[in-house]
Each structure stands twice: as C-alpha cells, then as structure tokens.
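# Residue-level structure breakdown
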Amino acid sequence: MSPSRGGVQMPQIQLIGGELDGWTTSVPSVNNRPDVYFAVPLQDEGQVKATKGAKCRAALRTKLATLAYSYIKTIRKDKVGWEYQYVRTPERDKASERQGEEAESE
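Here is a short report on the structure shown in this document. These figures come from a predicted structure and were not determined experimentally.

It is worth spelling out the environment of Pro 34 at this point. Mapped onto the secondary structure, Pro 34 falls in the loop between β4 (24-26) and β5 (36-39). Of the residues examined, Pro 34 reaches a relative accessible area of 26% and is grouped as partly exposed.

Shown next, in the form of structure tokens:
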C-alpha cells in the first residue's frame, strides 16, 4: 500500500526503462505530478545514503538527479492507488557536474 499523509493516500511513481527500470517511489500529492521526473543515477545513490541529515540528503538528491523520465500515463492499481508511469527519455537528461568537469578537462 502506498504511504499516506493525513489519511490521504500518496500517489506512486514508477520508472520504466533505463538503469532504474521498475523503481517506484511516492509523491506528496495528486496535484504534484511533474511532467519530467529526474532520478539519481545508481552510481550516486551511495553518496546520497551516506549523507547525514534529511535536508542535506534531499539537497544532494536534487543536485545529483540527472536521469530524465517523462510522464506517459496515470493508472489505478489495487493496494497502491494512483500510479504515475514515466518512461526513460535520455535526450532530456540534465548535465551532471561530473560531465561538466570532464568537458572542462578535455
């Protein structure tokens, strides 16, 4: 069952394709569905998990989230509620700081 906030069930996001195929998370509200969801690459997840403090982790996750997934549809699932499905769209990726550093060194 998706988490709830104040008794209201929070929608779930599912990513389709790419290195995060099948990954799910919850979003705070039905009204907050982004057109593009940016995910953190697997290689950077350890760095996020090792960061102390929820605010610091959230800030780092926002900074490292470069993999673009575009919204395709909303479905209703038993025991989950609403699920927003996103498909991998690499052409919409954000440039990471790592990519910027590599470009500068060339």
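In this structure the tally under the stated criterion is 4 salt bridges. Among the ionic pairs, Glu 83 bridges to Lys 77, the shortest N-O distance being 3.3 Å. Here Arg 88 makes a salt bridge to Asp 93, at a shortest N to O gap of 2.6 Å. The exposure class assigned to Asp 93 is partly exposed, which follows from its relative accessible area of 30%.

Taken together, the 5 strands give an open sheet; going across it, the order is β4-β3-β7-β6-β5, and neighbouring strands pair in mixed fashion. Edge positions in the sheet fall to β4 and β5, since each has one partner strand and no second. Taken over all neighbouring pairs, the strand axes of this sheet differ in orientation by 35° on average, direction set aside. Taken together, the 4 bridges between β5 and strand β6 (residues 67-77) define a ladder with antiparallel strand orientation. Each residue of the ladder has a partner; that of Tyr 37, found in β6, is Tyr 69.

Attention shifts here to the nonpolar core. Within the largest apolar cluster, 10 residues are counted, these being Ile 13, Leu 15, Leu 20, Val 27, Tyr 37, Ala 39, Leu 67, Tyr 69, Tyr 84 and Tyr 86. Only β3 (12-16), β5, β6 and β7 (81-88) provide two or more residues apiece to this core. Excluding residues within four positions of it along the chain, Ile 13 makes contact with Trp 23, Thr 24, Thr 25, Val 27, Tyr 37, Tyr 84 and Tyr 86. Val 40, Leu 60, Leu 64 and Ala 65 belong to the second largest nonpolar core, which has 5 residues in total.

All right, on to the packing of aromatic side chains then. Summed over the entire model, instances satisfying the criterion amount to 4 aromatic pairs. Both rings, one in Tyr 37 and one in Tyr 86, keep their centres 6.2 Å apart while their planes meet at 55°; by these two values the pair is tilted. Pair noted here: Tyr 37 is in strand β5 and Tyr 86 is in strand β7, with a separation of 49 residues, a long-range link. Of the two residues, Tyr 37 and Tyr 86, both sit in the buried class.

Quick look at the pairing of β3 now. On a regular strand, one side chain projects to one face of the sheet and the next to the other, so that they alternate. The buried fraction of β3 amounts to 4 of the 5 residues, a majority that puts the element mostly inside the structure. For β3 and β4, the ladder comprises 3 bridges, and the chain directions are antiparallel. For Ile 13, the partnering residue across the bridge sits in β4 and is Thr 25. Strand direction decides the pairing type here: β3 and β7, joined by 5 bridges, are parallel. For Gln 12, the partnering residue across the bridge sits in β7 and is Glu 83.

The rules behind these values
Residues numbered from 1 in each chain as written. Predicted model: local features only at pLDDT ≥ 70, side-chain atom pairs only at ≥ 80, totals over all residues. Heavy atoms only, no water. Helix = DSSP H or I, 4+ residues; strand = E, 2+ residues; numbered from the N terminus. Buried < 20%, exposed > 50% of the residue type's maximum accessible area, 1.4 Å probe, protein only. Salt bridge = Lys/Arg side-chain N within 4 Å of Asp/Glu carboxyl O. Pairing = 2+ DSSP bridges. Axes fitted to C-alpha atoms, helices over the stretch in contact; angles between N-to-C directions. Core = buried A, V, L, I, M, F, W, Y, C linked by side-chain atoms within 4.5 Å. Contact = heavy atoms within 4.5 Å. Phe/Tyr/Trp six-rings, centres within 6.5 Å; stacked < 30°, edge-to-face > 60°.

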